[in-house]
Amino acid sequence: MATTQSQSPREALVRRAPEPVAFDPTSWDRILQIVKGQHPSLVRAWFDTFVPRVLTNGVIQVTVATPAQLNFCQSQCQAPFTSAAQQITGRLVSVSFHCENLPRGIFSDGEAPLPLNPDYVFENFVTGPCNQLPHAASIAVATNLGQSYNPLFIHGGVGLGKTHLLQAICQTVLDRSRDARILYLSCDNFINQFINAVEANEMNQFRHRYRHVDLLVIDDIHFLAGKDRTQEEFFHTFNTLHQQQKQIVLSADCPPSEIPELEDRLISRFNWGLVARIDKPDIETRVAILQKKSRIRGLVLPEDVVNYVASMIDANTRELEGAITKLQGMASLQGGRIDLELAKKALGDMVTPEQRRISIGQILEAVTKYYAVKATDLQGKKRHKSIAFPRQVCMYLARRHTRFSLEEIGAHFGGRDHSTVIHAVRTIGDACTHKKDIANQIQEIDVQLTVG
Ligand code: ADP
Ligand code: MG
């Protein structure tokens, strides 16, 4: 039963009904407005499909449509909605989210709700020349488990949509069958669970878990590099699933043969099905992605703004998204309108891709100066640590700032092959996250490069 519009928001809550009743829609609209105003980057167009009801104990229970929406709301929306609801009703109410058709088969790492992002579905994935093949293959796999490409191996640089496609596969499979047994997790997670299982002497449970699924999806499989025992275990998992025609989907930042320290037998298996690469989006695709992403957030971006942002940001899609968030945030401070002027202000501190271009010579110069080493040494064969480390830094920076291929970078710095470059890029990248002193060094060299 619905409450009438004439009822005050307060009355809507004060009434004690034995059954949950529909929440006064006007009050709900006001709650939504507050959340939209205070947390613009949180808002999604599908918030308008929420069905709020009042429970007897002062809880406003909001029904969402899909498990992925539930996951998003439970992890990010509870507090903002609760605070808005308290503001509007003047009472100590809380907002909770639930979903009526939770799947039975999917699990990730035990208790956590589905680790799926509701935005990462096929409808929201923009295709272009850069990603046509992996996209089509993902749809084929999702609609025909184990029958089309097995495994499907998607690779490409960071922020180009690998995780999006992997999750879209999971969500499509779930839509088609609530009982599908899906295991979706990051490679890190797989490695940790393996180590834990070994330590706790629970390998039987571990194997049972991984070998009885219809779909196994592992994101960022390149983290298997150098993990011999996990590789061995994964090899058997792979074989068991593959023999039973159970679907396997993997992603990585490079093709199988370029993952360093990966057993040959795994490389060969990863190549059994389809290996599909995602490239950086071209300008048309970037425009389409910006339009789609802003629509998802219930935003309207004028055409000149979209074109401007797409021309300024060419690195990857995650950065396009960051730009939308920034625009949205600034717009909400300034009365909500987004125009070219605002966009220029928002992205003002960014330089154009043209200006950003840094040459390999500049990198060499900055690194030799910083570490007080000779350019001829960096470009030579010496393996001593005092040379090898700065050389790795050169490779890392060249990969980040130039468009040279791995082979070209390797050739430039001492005639190394592409796997040495991949290793260098990973080592330095890793050190930047885990070692503060190295992160600082790289940052200082970076400043040298970009400023002068
Ligand atoms: P990766 O896993 O390759 O690092 P993600 O899948 O996390 O990249 O993508 C980064 C962001 O870019 C996500 O928000 C994703 O939705 C978005 N994205 C990437 N490619 C596309 C695309 N073709 N269409 C729409 N959104 C995309
Ligand atoms: Mg990813």
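This text goes with the structure placed above it.
None of these values were measured; they are calculated from a predicted model. Along each chain, the written sequence defines residue order, and numbers are assigned to residues from 1. Starting at A for chains and at 1 for ligands, labels are handed out in the order in which the entities are written. Only residues with pLDDT of 70 or above have their local features reported here, since the model is predicted, and side-chain atom pairs are shown and tallied only from 80 upward, although totals for entire chains, interfaces and linings are computed over all residues. With hydrogens and water stripped out, all remaining heavy atoms of the structure feed into the side-chain values.

(A) Representation of the sheet that holds strand 3 (residues 59-64) within the structure. Read from one edge to the other, the open sheet built from four strands follows the order 1-2-3-4, with strand pairing classed as mixed. Each having just a single partner strand, strand 1 (21-22) and strand 4 (94-99) make up the two edges of the open sheet. As paired elements, strand 3 and strand 4 share six bridges and run parallel to each other. Counterpart to Val62 in the pairing with strand 4 is Phe97. Contacts between residues were defined by any pair of non-hydrogen atoms, one from each residue, lying within 4.5 Å. For helices, the axis comes from a line fit to the C-alpha atoms of the stretch in contact; other axes are also lines fit to C-alpha atoms, and the angle between any two N-to-C directions lies between 0 and 180 degrees. Helix and strand assignments come from DSSP, with helices taken as H or I runs of at least 4 residues and strands as E runs of at least 2, each series counted from the N terminus. The strands that helix 3 (residues 67-76) touches are strand 3 and strand 4; relative to strand 4, the one it contacts most, it runs at about 155°. Packing of helix 4 (residues 78-89) onto the sheet brings it into contact with strand 3 and strand 4, and relative to strand 4 it is tilted by some 135°. Two strands qualify as a pair provided that DSSP identifies no fewer than 2 bridges between them.

(B) Broad picture of the sheet that holds strand 5 (residues 152-156). The five strands are arranged 6-7-8-5-9 in an open sheet whose pairing can be described as parallel. Strand pairing shows two members of the sheet lacking a second neighbour, strand 6 (182-186) and strand 9 (274-278), which therefore form its edges. Direction aside, the axes of adjacent strands within the sheet are offset by 15° on average. Direction of pairing for strand 6 relative to strand 7 (residues 215-219): parallel, over a ladder of five bridges. Residue pairing across strands places Ser186 opposite Asp219, the latter belonging to strand 7. Running at roughly 135° to strand 9, helix 5 (residues 132-143) makes contact with strand 5, strand 8 (247-252) and strand 9 of the sheet.

(C) Seen up close, the environment of Cys99. Within the secondary structure layout, Cys99 lies in strand 4. Put simply, Cys99 and Asn204 are 105 residues apart on the chain and 33 Å apart in space, counted from C-alpha to C-alpha. Each residue touching Cys99, except ones within four places of it in the same chain, is listed here: Val64, Ala65, Thr66, Pro67 and Leu70.

(D) Layout of the packing of aromatic side chains. Under the pairing criterion, centres of Phe, Tyr and Trp rings, with the six-membered ring standing for Trp, must be within 6.5 Å; the plane angle then separates stacked pairs below 30 degrees from edge-to-face pairs above 60, leaving the rest tilted. According to the stated counting rule, one finds 22 aromatic pairs in the structure shown. Aromatic pair Tyr370 and Tyr371: ring centres 5.0 Å apart, planes at 75°, arrangement edge-to-face. The rule is simple: take the accessible area with a 1.4 Å probe, protein chains only, and divide by the maximum for that residue type; under 20% is buried, over 50% is exposed, in between is partly exposed. For Tyr370, a relative accessible area of 33% corresponds to the partly exposed category. Linked through ring pairs, Phe153, Phe190, Phe194, Phe206, Tyr210, Phe234, Phe238, Phe270 and Trp272 together constitute an aromatic cluster.

(E) Spatial organisation of the site of ligand 1. A single heavy atom is enough: if one lies within 4 Å of a molecule or strand, its residue is considered near that molecule or strand. Ligand 1 sits among 18 residues. The nearest are Val126, Gly159, His164, Lys293 and Glu321. Distance and chemistry together define a polar contact, namely a pair of N or O atoms within 3.5 Å, with one atom able to donate a hydrogen and the other to accept it when in protein, and with adjacent residues in sequence counting only for side-chain atoms on both sides. Tyr120 places a polar side-chain atom, nitrogen or oxygen, 3.3 Å from an oxygen atom of ligand 1. Between ligand 1 and the protein, one listed contact pairs a nitrogen atom with a backbone N or O atom of Val126 at 2.7 Å. The Shrake-Rupley method, run with a 1.4 Å probe, gives the accessible areas here. Residue values count only the displayed protein chains as cover. Against a free-state accessible area of 550 Å², the protein chains account for coverage of 96% of ligand 1. If you list the elements that add at least two residues to the shell around ligand 1, you get helix 6 (162-176), helix 11 (283-296) and helix 13 (317-333). Charged residues are taken to be Asp, Glu, Lys and Arg, nonpolar residues to be Ala, Val, Leu, Ile, Met, Phe, Trp, Tyr, Cys and Pro, and polar residues to be all remaining types, Gly included. Counted by class, the shell around ligand 1 contains six nonpolar, eight polar and four charged residues.

(F) Representation of the pairing of strand 5. Along strand 5, five of the five residues are buried, which leaves the element largely enclosed by surrounding structure. Alternating positions in strand 5 separate into two faces, Leu152, Ile154 and Gly156 on one and Phe153 and His155 on the other, with burial throughout. As paired elements, strand 5 and strand 8 share four bridges and run parallel to each other. Each residue of the ladder has a partner; that of Phe153, found in strand 8, is Leu250.

(G) Spotlight on the side chain of Glu258. Position of Glu258 relative to the elements: it lies in the loop between strand 8 and helix 10 (264-270). Under the convention used here, Asp and Glu are negative, Lys and Arg are positive, and both His and the chain ends fall outside the count. What makes a salt bridge here is a side-chain nitrogen of Lys or Arg within 4 Å of a carboxyl oxygen of Asp or Glu, nothing more. Salt bridges are absent for the buried Glu258, whose nearest opposite-charge side chain, Arg399, sits at 6.6 Å. Other than its neighbours up to four places away in sequence, Glu258 contacts Leu406, His418 and Ile422.

(H) Geometry of unusual backbone geometry. Looking along the chain, the bond that leaves Asn150 and enters Pro151 is cis, with omega of 0°. Structurally, the position occupied by Pro151 is in the loop between helix 5 and strand 5. Of note in this structure, Asn201 is not a glycine but carries a positive phi near 60°. Within the secondary structure, Asn201 is located in the loop between helix 7 (187-199) and helix 8 (203-211).

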